[in-house]
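The residues making up each chain are set out below.
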Amino acid sequence: MSEKIYKESNKSETETTINILYQEKILSIYTNKVDLQKQLIKICGNPEKEYKIKRSIVGSRWNISLNDKSKITKLILKANIFEI
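Residues numbered from 1 in each chain as written. Predicted model: local features only at pLDDT ≥ 70, side-chain atom pairs only at ≥ 80, totals over all residues. Heavy atoms only, no water.

Note that Ser56 resides in strand β4 (residues 56-65). Here Ser56 is in contact with Ile5, Lys7 and Tyr51, once residues within four sequence places are set aside. (Helix = DSSP H or I, 4+ residues; strand = E, 2+ residues; numbered from the N terminus. Contact = heavy atoms within 4.5 Å.)

Next up, the structure:
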């Protein structure tokens, strides 16, 4: 397995978006922060979609079922989503 290559975005362009899709019962998380992507891989597993420029990963998106309460709890407790 080859190691993933992440491309750090400019500080002014760094973003993390959390959407709750009530109709689909999904918590959708997108981020282009390298550290947060690595944390989320450990907690939630591989992302549903990785956005790439050439071979470098510039962002990732996870879709988590709202019924998966244990994963959401781990995510809130362990991932530094809010930079606290």
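Resuming the write-up.
Moving on, we get to the environment of Thr73. Its location among the elements puts Thr73 in helix α2 (residues 69-78). Separated by 14 residues in the primary sequence, Thr73 and Gly59 have C-alpha atoms spaced 23 Å apart. A polar atom in the side chain of Thr73 sits 2.8 Å from the backbone oxygen of Lys69. (Polar contact = N/O pair within 3.5 Å; in protein donor to acceptor, adjacent residues only side chain to side chain.)

Moving on, we come to the pairing of strand β3 (residues 49-53). The pairing of β3 with β4 spans five bridges and is antiparallel. Opposite Ile53, over in β4, you have Ser56 as the bridge partner. Counting the residues in the hairpin turn of β3 and β4 gives two residues, including Lys54, whose phi is positive at 60 degrees. (Pairing = 2+ DSSP bridges.)

If you look at the biggest cluster of nonpolar residues, it comprises twelve residues: Leu27, Ile29, Leu36, Leu40, Ile43, Cys44, Trp62, Ile64, Ile72, Leu75, Ala79 and Ile81. Of all the secondary structure elements, the ones that give two or more residues to this core are β2 (26-31), α1 (34-44), β4 and α2. Considering every element that reaches this core, the biggest residue donor is α1, with four residues. Excluding anything up to four places from it in sequence, Leu27 contacts Ile18, Asn19, Ile20, Trp62, Asn63, Ile64, Leu66, Ile72 and Leu75. (Core = buried A, V, L, I, M, F, W, Y, C linked by side-chain atoms within 4.5 Å. Buried < 20%, exposed > 50% of the residue type's maximum accessible area, 1.4 Å probe, protein only.)

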